[in-house]
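In case you want the letters, here they are:
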Amino acid sequence: MINTETQLLGLLGNPLEHSFSPEMHNKAYEKTNLNYLYLPLEIEEDNIEDVLKGIKHMKFIGFNVTIPYKLKIMKFLDEIDPLAKKIGSVNTVKISQGKLIGFNTDGKGFVKSLVNYSKINVSSSKFLLLGAGGASRSIAMTLADRGAKKIFISNRTIEKAEELSNETNDKVRSCCSYVDNNDMVKMKEITKKVDVIINTTSVGMYPNTEECPLDKNFLLKKHLVIDIVYNPIKTRLLLEGEKKGCSIQNGLGMLVNQGAEAFEIWTGEKAPIEEMKEIINNIMKNK
Ligand code: ATR
């Protein structure tokens, strides 16, 4: 039931046609009888400032931000959470007493999913991150913030891995090293040392489902292998990991948990996470 009490939320980005967020949030509110409405807000860059002014005068309690505005939104915000500032991008905004406050829940969602669905203890674990783009940045900074024992960052473009590693060491905690993902000797050596391997690149994503971001021979039974890709549900990397007897996790956990973290920031209440998970699973099944 939409009425004058309905609290508004939304997703600001462009294009938005492939986003699961409006469906995931709205169905979760419906199932849990919450009077919220989550709208896709596909806007042009030149209009960001005007849209934000308007949003402040309506019943919006917050919104998510996605590509290509996660960085561009920052200059329009009144406050930015310290971790989001370090990550350098915002995907969640809370509106409180007319103020826009920015957060980044991508890394938090990742860590929540990691901890909830595995026996991993972040502070006693060593991680290998494949990729050094935006997603890797949120995950590296959040893992460092949560006390990760060691983080290795590998990338096709070595300069980007070096930059992310140095920035994480400087801004959060000194626990990162970087490696060229084409250096097979070093990659083999590092994979032997780590407990968790995380793919943050788009390698293996539909339609290139046969591609694998890591030599399958480097996967060991002791590894927890995580792919932040969720289309397909089991990427080549996860299938190869499964063959080796590794524990595996796909990207749905991060997707659901970054949404749940945002919900908790907006409402101060616990998110209907099981409902959100079920909704996403159903969307994926019907795809
Ligand atoms: P996101 O915000 O989703 O992380 P991004 O910032 O564009 O996206 O980062 C994409 C990551 O995937 C980068 O680490 C990129 O490597 P480069 O920095 O060398 O570009 C990596 N990537 C994308 N396609 C790749 C490919 N075919 N092989 C190896 N790495 C790839």
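Residues numbered from 1 in each chain as written. Predicted model: local features only at pLDDT ≥ 70, side-chain atom pairs only at ≥ 80, totals over all residues. Heavy atoms only, no water.

(A) Examining the site of the ligand more closely. In the vicinity of the ligand, the contacting residues are Gly131, Ala132, Gly133, Gly134, Ala135, Asn155, Arg156, Thr157, Lys160, Thr201, Ser202 and Val203. Between an oxygen atom of the ligand and a main-chain N or O atom of alanine 135, the distance comes to 2.9 Å. A distance of 2.9 Å separates an oxygen atom of the ligand from a polar atom in the side chain of arginine 156. Protein burial of the ligand: of its 640 Å² of free accessible surface, 62% is covered by the chains. Class assignment for the residues of the shell around the ligand results in three nonpolar, seven polar and two charged. (Near = heavy atom within 4 Å. Polar contact = N/O pair within 3.5 Å; in protein donor to acceptor, adjacent residues only side chain to side chain. Areas by Shrake-Rupley, 256 points an atom, 1.4 Å probe, with all protein chains shown as cover. Nonpolar A, V, L, I, M, F, W, Y, C, P; charged D, E, K, R; others polar.)

(B) Here's a closer look at the packing of aromatic side chains. Under the criterion given, the structure shown has five aromatic pairs. Between phenylalanine 20 and tyrosine 230, the aromatic rings sit 5.8 Å apart at their centres with planes inclined by 45°, giving tilted as the arrangement. Here phenylalanine 20 is found in the loop between β1 (7–13) and α1 (21–31), whereas its partner tyrosine 230 is found in the loop between β11 (224–227) and α8 (236–244), with 210 residues between them in sequence. A residue is classified by how much of its surface remains accessible, and tyrosine 230, at 26% relative accessible area, is partly exposed. Among the aromatic residues, those joined into a ring-pair cluster are Tyr29, Tyr36 and Phe263. (Phe/Tyr/Trp six-rings, centres within 6.5 Å; stacked < 30°, edge-to-face > 60°. Helix = DSSP H or I, 4+ residues; strand = E, 2+ residues; numbered from the N terminus. Buried < 20%, exposed > 50% of the residue type's maximum accessible area, 1.4 Å probe, protein only.)

(C) The arrangement of the domain arrangement of the protein in detail. Taken domain by domain, the protein holds domain 1 (7–104 + 253–285) and domain 2 (107–250). Averaged C-alpha coordinates put domain 1 and domain 2 at centres separated by 26 Å. Listed by partner, the interface residues are 15 residues for domain 1 and 22 residues for domain 2. Of all residues in domain 1, Lys86, Ile87 and Met254 give up the largest surface area on contact with domain 2, accounting jointly for 34% of the area buried on that side. Summed over the shared surface of domain 1 and domain 2, the result is two salt bridges. A salt bridge links glutamate 264 to lysine 112, with the nearest nitrogen and oxygen atoms 3.4 Å apart. Seen at the junction of domain 1 and domain 2, the total is four residue pairs in polar contact (both at pLDDT 80 or more). (Domains from an automatic or database assignment. Contact = heavy atoms within 4.5 Å. Buried area = accessible area lost by both parts, 1.4 Å probe. Salt bridge = Lys/Arg side-chain N within 4 Å of Asp/Glu carboxyl O.)

(D) Looking closely at the packing of helix α5 (residues 134–145) against helix α6 (residues 158–171). Remark: α5 packs on α6, axes separated minimally by 10 Å, with the N-to-C direction vectors making an angle of 35°. α6 is crossed by α5, and the crossing has right-handed handedness. On α6, the residues touching Ser136, Arg137, Ala140, Met141 and Ala144 of α5 are Leu164, Glu167, Thr168 and Lys171. Classifying every residue of the contact of α5 with α6 gives four nonpolar, two polar and three charged. (Axes fitted to C-alpha atoms, helices over the stretch in contact; angles between N-to-C directions. Left-handed = near helix turned anticlockwise from the far one by under 90°.)

(E) Representation of the side chain of serine 21 within the structure. Along the chain, the position of serine 21 falls in helix α1. Classification of serine 21 as buried rests on a relative accessible area of 11%.

(F) Fine view of the nonpolar core. Formed by 29 residues in total, the largest nonpolar core has its most connected members in Phe110, Leu114, Phe127, Leu143, Ile151, Ile153 and Ile198. Residue assignment for this core shows that the elements contributing at least two residues are α3 (82–87), α4 (106–116), β7 (126–130), α5, β8 (150–155), α6, β10 (196–199) and β11. Taken together, domain 1 (7–104 + 253–285) and domain 2 (107–250) each give at least three residues to this core, which thus spans both. Sequence-distant contacts of isoleucine 151, defined by excluding residues within four places in its chain, comprise Phe127, Leu129, Ala140, Leu143, Ala144, Cys175, Cys176 and Ser177. Tyr29, Ala260, Ala262 and Met284 belong to the second largest nonpolar core, which has 24 residues in total. (Core = buried A, V, L, I, M, F, W, Y, C linked by side-chain atoms within 4.5 Å.)

(G) Main features of the pattern of salt bridges. Within the structure shown, the criterion is met by 16 salt bridges. The partner of aspartate 78 in a salt bridge is lysine 56, with the nearest N and O atoms 3.8 Å apart. With aspartate 78 in the loop between β3 (62–65) and β4 (79–80) and lysine 56 in helix α2 (residues 48–56), this pair connects stretches of sequence that are 22 residues apart. Classification of aspartate 78 as partly exposed rests on a relative accessible area of 42%. Put simply, lysine 270 and glutamate 264 hold a salt bridge, and the shortest N to O gap is 4.0 Å. Given a relative accessible area of 67%, lysine 270 falls into the exposed group. With a relative accessible area of 23%, glutamate 264 lands in the partly exposed category. Look at the salt bridges and you will find they share partners, linking Lys112, Glu261, Glu264 and Lys270 into a network.

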